[in-house]
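# Summary of the model geometry
Read off the chains here:
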Amino acid sequence: MSCQVVEVPSTWGEVPDDVDIAAQFQDIGNERLRTFARTVELSDIASSLEELQDNDFPACFAERNGRLYPSEANSVYRLPVDTPEQERYTVNHTMLKRILGVDYQGATDSALTPDPTRLRRVLDLCCGNGKWLLDMAIRAPHAQFVGVDIVPIATRYPPDNVQFELLDVNTDLRWDNEHFDLVHARDVLMAVKDYDVLLHEVARLLRPGGQFLSVEWSNQLAVHISFPGNIEDIAPATVHFFDTAHHILAEQGVDIDGSRVSANITTSNYFTNTNIRKIYVPVGTWCQNAQMDEIGSSFRTALKRMARGFRQMFLDYGLSDEEVDVLTAAFIQEIQTVEGLVAFVHITSAERM
């Protein structure tokens, strides 16, 4: 069977699960602090940024059954935000970086070309642990980067051209119209109440000619074209797992089908020169190509982490511990044993009119 050949680090592979949930709160030294900031409303028409202090960080998280979640009561995001999840973010980021490059094969070039007349500015929505932003800041040291998330899980010591802020992307963002040259949104659907509202805000923030870059996953695994059959027959437990998660999220108004995002962008009337791509990432080591098998092994680990991360959401919905155990174990068993499984990533870049 044919698989795309990419270069991946030899250190990739299974990641141990014995991690310290509280590790993110440890101070790493006395270096000058450039940490997360948050917006403080001063009046009806004014606001300011306030730097988070050491004792502010634990208050941003709520612990449930040994996992950390956003403490924000109105958050729609249902996965944990602790160390195991940060490691999953890192695996997913590294996979896409090795397959496509940190700039997704040049999709950001037009927005980040140095301009002697003004500063280039980049906004990363739902930045998570900030890996994409930090890599891009190295690639484009002439630009200023801002990452926003509902919890402070990125590094507290970013480079000088990077700032992290606590913000909910479901609110009006604090910047003036036409402030940014590039807005990046990757894997944000679980945190977004209404994607069309978010698109309106993205369009407001982008300068004419500025670039919007969206990267989202399909909401179900599939079978690679070189294998016979369909996902429903080959991996029914996988279909059931994702269908259950999607049903619960849909009842809360959250749609995580990344295949629809390109249509939302195209029909929004905010953008032009839209470029849409769909790539596959293998699940497991069926490619018979060492480099892609390393990617598949790492991605399978990330999917197992994701499955365990859904546990609290399933329990909150009313499933019993036993039902969640069976649902999760059957899914993990299939991705461990079924060959030919893939996940699709939908990459859409578009220029602000």
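Refer to the structure presented above.
Computed from a prediction, not measured in an experiment: that's the story for all the values here.

## What to know about the overall build of the protein chain
Counting secondary structure elements, the protein chain contains 10 helices and 12 strands. Relative to its 353 residues, the protein chain shows a buried fraction of 54%. The long-range fraction of contacts in the protein chain, counting pairs at least 24 apart against all pairs at least 6 apart in sequence, stands at 73%. Total accessible area on the protein chain stands at roughly 15800 Å², and carbon and sulfur atoms take up 48% of it.

## A short note on the side chain of Arg156
Along the chain, Arg156 turns up in the loop between β6 (144-149) and β7 (162-166). On the accessibility criterion, Arg156 (11% relative accessible area) is buried. At 2.3 Å, the side chain of Arg156 and the side chain of Asp54 are in polar contact.

## Re helix α8 (residues 290-309)
Here α8 is 20 residues long and its end C-alpha atoms lie 29 Å apart, about the 28 Å a rise of 1.5 Å per residue gives. Where burial is concerned, most of α8 is hidden: 16 out of the 20 residues are buried. The N-terminus of α8 is capped by Asn289, whose side-chain oxygen sits 3.1 Å from the backbone nitrogen of Gln291.

## As for the packing of α8 against helix α10 (residues 321-337)
To characterise two packed helices, one gives the angle between the axes of the helices and the distance between these axes. The N-to-C vectors of α8 and α10 enclose an angle of 175°; their axes lie 10 Å apart at closest approach. Comparing the axis directions of α8 and α10 gives the class roughly antiparallel. Mapping the contact onto sequence places Arg300, Leu303, Lys304, Met306, Ala307 and Arg308 in α8 and Thr328, Phe331, Ile332, Ile335 and Gln336 in α10. Per-class residue counts for the contact of α8 with α10 are 6 nonpolar, 2 polar and 3 charged.

## Overview of the packing of helix α1 (residues 83-100) against α8
Contact pair α1 / α8: the axes reach a minimum separation of 9 Å and the direction vectors enclose 150°. As the angle between them shows, α1 and α8 are arranged roughly antiparallel. For the element pair α1 and α8, the recorded crossing hand is left-handed. Within the contact between the two elements, α1 uses Pro84, Glu85, Glu87, Arg88, Val91, Asn92, Met95 and Ile99 and α8 uses Ile295, Ser298, Phe299, Ala302, Arg305 and Met306. In terms of residue class, the contact of α1 with α8 is built from 8 nonpolar, 2 polar and 4 charged.

## Comments concerning the pattern of salt bridges
Evaluated as defined, the whole model comprises 21 salt bridges. When the shortest N-O distance is used, the salt bridge between Asp316 and Arg64 registers 2.9 Å. Here Asp316, found in helix α9 (residues 311-317), pairs with Arg64, found in strand β3 (residues 61-64); they are 252 residues apart in sequence, far enough to count as distant. The exposure class of Asp316 is partly exposed, given its relative accessible area of 37%. Ionic pairing is found between Glu165 and Arg174, a salt bridge with its closest N-O pair at 2.7 Å. Connected through shared salt-bridge partners, Asp115, Arg118, Arg120, Asp181 and Arg207 make up one network.

## Comments concerning the nonpolar core
By size, the foremost hydrophobic cluster in this structure holds 113 residues, and its most contacted members are Leu123, Leu125, Tyr195, Phe212, Leu221, Phe314 and Phe331. Looking at which element gives the most residues to this core, the answer is α8, with 7 residues. Look past the residues within four positions of Leu123 in its chain and what remains in contact with it is Val146, Val148, Leu173, Trp175, Phe180, Leu182, Val183, His184 and Leu205.

Analysis parameters
Residues numbered from 1 in each chain as written. Predicted model: local features only at pLDDT ≥ 70, side-chain atom pairs only at ≥ 80, totals over all residues. Heavy atoms only, no water. Helix = DSSP H or I, 4+ residues; strand = E, 2+ residues; numbered from the N terminus. Buried < 20%, exposed > 50% of the residue type's maximum accessible area, 1.4 Å probe, protein only. Contact = heavy atoms within 4.5 Å. Areas by Shrake-Rupley, 256 points an atom, 1.4 Å probe, with all protein chains shown as cover. Polar contact = N/O pair within 3.5 Å; in protein donor to acceptor, adjacent residues only side chain to side chain. Expected span 1.5 Å × (residues − 1). Axes fitted to C-alpha atoms, helices over the stretch in contact; angles between N-to-C directions. Parallel < 35°, antiparallel > 145°, perpendicular 65-115°, else oblique. Nonpolar A, V, L, I, M, F, W, Y, C, P; charged D, E, K, R; others polar. Left-handed = near helix turned anticlockwise from the far one by under 90°. Salt bridge = Lys/Arg side-chain N within 4 Å of Asp/Glu carboxyl O. Core = buried A, V, L, I, M, F, W, Y, C linked by side-chain atoms within 4.5 Å.

Geometric descriptors of this kind do not, in isolation, establish any biological role.
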